[in-house]
Amino acid sequence: MTRWGEDAVLLSAAAAALANLAYGSETRRRALCQLGAPEQIMRGMHAMASDVAFMTASLRAIRNLSYGSENVKTTLDELGVSEQVVSAIQLHPANADLVTAALWAMCNLTYGSEVRTSTLKQLGAMSAAKKVMRNHKSNSQLRSVGAYITKTGVQTKREVMVLSEAL
């Protein structure tokens, strides 16, 4: 994934493959990081911000790469992941799949980190999440993950669902 813009379909498939590889294995997440996957994903997100398919696949890769790994989260922080996630929501608020992927990425990035949560709040992520939740009232998954990310102290799936219905 080094020559951006030559084949958006291929690059979207590559980002989706990275998301799949990162899913469910800390060992694979570490290996992908050592091979430069976060750098390539972030580089692509900067170059292809208008491509919804690529951005959605990239956000899913970020979600899976950042699951549970502080080292990966730190690498992503250094690459400007928070800005890219918020920008993706702001550029494509009507695309429920992309927004859901962005909200899941924010959940994993902020889990256990008040610093990352504060950074995302300062970038306008929470207000952007609330806005897209209002615009996607029929999408229960988007609303559930949005409720989780916009409220502090949510501990259970039931609490997420209650908050989701309230918004």
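Our structure's up above, just so we're on the same page.
Here the structure is a predicted model, which means the values were calculated and not measured. (Residues numbered from 1 in each chain as written. Predicted model: local features only at pLDDT ≥ 70, side-chain atom pairs only at ≥ 80, totals over all residues. Heavy atoms only, no water.)

Colleague: Please clarify how the overall build of the chain should be interpreted in this entry.
Modeller: Helix and strand content of the chain: 11 helices and zero strands. Considering only contacts in the chain between residues 6 or more positions apart, those separated by 24 or more positions represent 61%. If you sum the accessible surface of the chain, you get close to 8,600 Å²; carbon and sulfur atoms cover 52% of it. (Helix = DSSP H or I, 4+ residues; strand = E, 2+ residues; numbered from the N terminus. Contact = heavy atoms within 4.5 Å. Areas by Shrake-Rupley, 256 points an atom, 1.4 Å probe, with all protein chains shown as cover.)

Colleague: I would appreciate a short explanation of the side chain of Thr 100 in the present structure.
Modeller: Relative to the assigned elements, Thr 100 resides in helix 7 (residues 96-110). With relative accessibility at 7%, the residue Thr 100 sits in the buried group. A distance of 2.7 Å separates the side chain of Thr 100 from the backbone oxygen of Ala 96, its partner in a polar contact. (Buried < 20%, exposed > 50% of the residue type's maximum accessible area, 1.4 Å probe, protein only. Polar contact = N/O pair within 3.5 Å; in protein donor to acceptor, adjacent residues only side chain to side chain.)

Colleague: What's the story with the environment of Leu 11 in this structure? I'm lost.
Modeller: As for its position among the elements, Leu 11 is in helix 1 (residues 8-22). We classify Leu 11 as buried; its relative accessible area is 7%. Separated by 30 residues in sequence, Leu 11 and Ile 41 have C-alpha atoms that sit 9.8 Å apart.

Colleague: Which parts of the structure should I look at to understand helix 9 (residues 125-135)?
Modeller: Note on helix geometry: an α-helix contains 3.6 residues per turn, so any two residues three or four positions apart are oriented the same way. When helix 9 is considered as a whole, its buried residues turn out to be Ala 125, Met 126, Ala 128, Ala 129, Val 132 and Met 133. One face of helix 9 carries all of its buried residues, which in axial projection span an arc of 160 degrees. Turned more than 90 degrees away from the buried face of helix 9 sit Lys 131 and Asn 135, all of them exposed. (Arc of directions from axis to C-beta.)

Colleague: How should I be thinking about the packing of aromatic side chains in this particular structure?
Modeller: One pass over the structure, following the stated rule, counts zero aromatic pairs. A cation over a ring is seen here: Arg 63 above Trp 104, with NZ or CZ 4.2 Å from the ring centre. (Phe/Tyr/Trp six-rings, centres within 6.5 Å; stacked < 30°, edge-to-face > 60°. Lys NZ or Arg CZ within 6 Å of the ring centre and 35° of its normal.)

Colleague: How do you make sense of the pattern of salt bridges when you look at a structure like this?
Modeller: Pairing is possible between side chains of opposite charge, provided their charged atoms come close. One pass over the structure, following the stated rule, counts five salt bridges. Ionic contacts of the salt-bridge type, sharing partners, join the residues Glu 70, Lys 73, Asp 77 and Arg 116 into one network. (Salt bridge = Lys/Arg side-chain N within 4 Å of Asp/Glu carboxyl O.)

Colleague: I tried to follow a positive patch on the surface on my own but got confused; where do I start?
Modeller: On the surface, a cluster of positive charge is made up of Lys 121, Lys 130, Lys 131 and Arg 134. A total of three residues in the positive patch trace back to one element, the largest contributor, which is helix 9. Considering the arrangement of structural elements, one finds Lys 131 in helix 9. (Patch = residues over 30% accessible without salt bridge, like charges linked within 9 Å, V, L, I, M, F, W, Y side chains within 5 Å. Lys, Arg positive; Asp, Glu negative; His and termini not counted. Charge placed at Lys NZ, Arg CZ, Asp CG, Glu CD.)

Colleague: Quick question: what am I supposed to make of the side chain of Asn 108 here?
Modeller: Examined against the element boundaries, Asn 108 turns out to sit in helix 7. Residue Asn 108 is classed as buried on the basis of its relative accessible area of 13%. A polar side-chain atom of Asn 108 sits 2.6 Å from the main-chain carbonyl oxygen of Arg 63. When residues no more than four places from it in sequence are discounted, the contact partners of Asn 108 are Arg 63, Ser 66, Tyr 67 and Lys 73.

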